[in-house]
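Breakdown of the fold
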Amino acid sequence: MDRSPQFARFGARTAALLDQWQQQNHRPLTAPAWLDTGGSGASLASVFVRDSDPGRTTRRMIIKLCSPDGDSSMEPGRLIAARRSLPNGDPSFPRDHLVEQLYDPMPVDDAWLMFQGFAGNDESMVTLSTILRQRRMPGAAAQITRSLLADWNPDEKSDGEMTAAAFVSELLDQRLEPAEPLAVWVRDTLGLDLETAWIRPGPANAALLPNPVHLTGSCPLGERTLDYPMRGRAHGDLHPGNIMVPKEPDADLGRYVLIDLSRFDDRALLARDPMHLLLCLVADFLPHMSDDARAELLDLLVGRDTPGLLIPQGLARTVDEVRMAPDGWLHQRTISGQWTGQWLLSMQACALMFTARVRYDARDRWWFFRLAAEAAGAYLGPADAYEPGQVKFVPGPREAEPTVVEAVVVAAVKLPQQVAPPAAKPETKPATDPARIPAPAPTPSRESVASAPEASGESLPDTAPETAAEELDTLPALLIDLRNTFTDRLGELREYEAGSVTARTLGLVREQADRGQADLEALLTSRHDTLGEEARDRLDAVLGRLAHVAEAANAPGLSYEQPLYLRDLAHRTLVVALDTLLGSTREAALGLQAGQATDPIRPEGARTPSG
């Protein structure tokens, strides 16, 4: 029986090899469900495998075709190395907490095909990302952090002393190479030279801080030495999507499984994994926090006294509990005093990693850059003990809260004069959300993205007022319309339990994403000759994000026929896709706003907003 068509998405070569593998090993594979990999270049499918070998039963298995490039091509060997690296000779940690390689990997040209599962084959496991808003989140993050150090690294080691600059540089790896996103963003967005030693980030009266990306030559961090950098086993890319935990709220927090060991290293700097996980959790809260709350969070993270009244309670608990989680492990070591400095330097490096990630908006990326500088400053101690010489003032992005940005864009849009809002139903009341700004009237010739028939239950009139002259001035309006629409959809998705999204919600997301693509493509075509290159690039990015949302909402893994953990992964992928889309629409709106002084998008006669 020819089974290769069900694996055609792997490519003809891989599909044929899988067909051969099934026949030769008497291991039929059924019910493939394709998983989104977040653009890593790998391809994943979850299948049922029925094994003829004695002692094996039908179980779920993940088939992964690794990308031929980068760390992914080394994943089979690193997974083997991770499972063979036994803490003090004890096999319990790899058995209980690492993904299992069920069968030997198979070479496919320059890549590898891998067959994986987790310990116990427990289909009730979900990713840590699905419990971010649950009461058990702080305890779960702390328990995992404690276990990664105490259970996986009871035999930590060191290669000898190194400078603080070398410590941060090792964690950043190649990220400060001139063409890498971090270096490009610091240089082009902040206007900051990588060789500048001291900066004042933010307001003109901000405190003096070391430039966190200056790590060469006679940089401040180059003059400090770590006597015992703690090394050991590390995942290398620890984030909530790479950790599986039980779905049940009262389940044992120690039952977790690490997946994707493509960056495993048994001599890694140990402060990185828990810090990267912590900042991933921080990043999820950050878009919902005011500037004052963000300032308090900076103080909390670097260890300064702060009332913390504006920080979300769950986030404050998470920061405190994760920071204290290594205490028991450290108290057994005479070199425990070394940890605080390594924690701060790891914070500096990991914050810079987040600064480089384009999925975060400019305001969040700036905050992470500020955190990196604050961490470096906390490590060095009071700045008045140094002779900084020339200091560079580095202002934050000229970007305000989302509601302010949208208000500015609305003010610059010339609204069609003949379009009146539809009359409200007698039994309904207008919404009273002061933080939400309604989009201007949409393009008359098409229905609004935000008013899909399924959402409103009403049909649009067959004819629209004639507003052809104004039709070209609706790009900012459409961007706000998209942002309002998908903010609603994202809110709905976050209300669902893991893997329980209804078909109606998914249908709305798909239809609104498709309609948004069509509307935006039509406007881009009509305005192609009047848009600058940067504006076109930003709007093209929005188109790509819309396509990704539509694809994620149509993923087979969302089907109720799939096991819970697959529905959970697909659910999280869709949430991330919507988050990224909202960031892109905001970036595009800001780009249009910035170009209104000279760009034809700005309606003639529109008043430039003050401030």
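Structure first, text after, so check above.
Since the structure is predicted, the reported quantities are computational estimates derived from the model, not experimental observations.

1. Regarding the pairing of strand S8 (residues 198–201)
Two faces make up the sheet, and in a regular strand the side chains alternate between them. Inspection of the sheet shows S8 paired to strand S9 (residues 209–210) by two bridges, in the antiparallel sense. Directly across from Ile199, in S9, lies its bridge partner Leu209. Of the strand pairs in this sheet, S8 and strand S15 (residues 391–394) are connected by four bridges, and their pairing is parallel. Each bridged residue has a counterpart across the sheet, and for Pro201 the counterpart in S15 is Val394.

2. Here we look at the packing of aromatic side chains
By convention here, two paired aromatic rings are described through the distance between centres and the angle between planes. Summed over all chains, the structure comprises 14 aromatic pairs. For the pair Phe7 and Phe10, a centre-to-centre distance of 6.2 Å together with 20 degrees between the ring planes defines the contact as stacked. Here Phe7 matches Phe10 in class, with each residue buried. Members of the aromatic cluster, joined through ring pairs, are Phe93, Trp152, Tyr256 and Phe264. The cationic tip of Arg133 hangs over the ring face of Phe285; the distance from NZ or CZ to the ring centre is 4.7 Å. The aromatic ring of Tyr379 is capped on one face by Arg224, whose charged end is 4.9 Å from the ring centroid.

3. Things to note about unusual backbone geometry
If you check the backbone angles, His26 has positive phi at about 55 degrees while not being a glycine. Tracing the backbone through its elements, the reader meets His26 in the loop between helix H1 (12–25) and strand S1 (29–35). Judged by relative accessible area, His26 falls into the exposed class, the value being 53%. Positive phi is not limited to glycine here, since Asp173 has a value of about 55 degrees.

4. Let's talk about the sheet that holds S8
On the basis of which strands lie adjacent, the open sheet formed by three strands has the order S9-S8-S15 and mixed pairing. Strands with a single pairing partner mark the edges of an open sheet, and in this sheet they are S9 and S15.

5. Some remarks on the pairing of strand S12 (residues 243–246)
Burial of the side chains of S12 extends over both faces: Ile243 and Val245 are buried on one face and Met244 and Pro246 on the other. Of the strand pairs in this sheet, strand S6 (residues 125–127) and S12 are connected by three bridges, and their pairing is antiparallel. Counted as the bridge partner of Thr127 is Met244 from S12. Across two bridges, the pairing between S12 and strand S13 (residues 257–258) is antiparallel. Bridge pairing in S13 places Ile243 opposite Leu258.

Scoring rules and cut-offs
- Residues numbered from 1 in each chain as written.
- Predicted model: local features only at pLDDT ≥ 70, side-chain atom pairs only at ≥ 80, totals over all residues.
- Heavy atoms only, no water.
- Pairing = 2+ DSSP bridges.
- Helix = DSSP H or I, 4+ residues; strand = E, 2+ residues; numbered from the N terminus.
- Phe/Tyr/Trp six-rings, centres within 6.5 Å; stacked < 30°, edge-to-face > 60°.
- Buried < 20%, exposed > 50% of the residue type's maximum accessible area, 1.4 Å probe, protein only.
- Lys NZ or Arg CZ within 6 Å of the ring centre and 35° of its normal.

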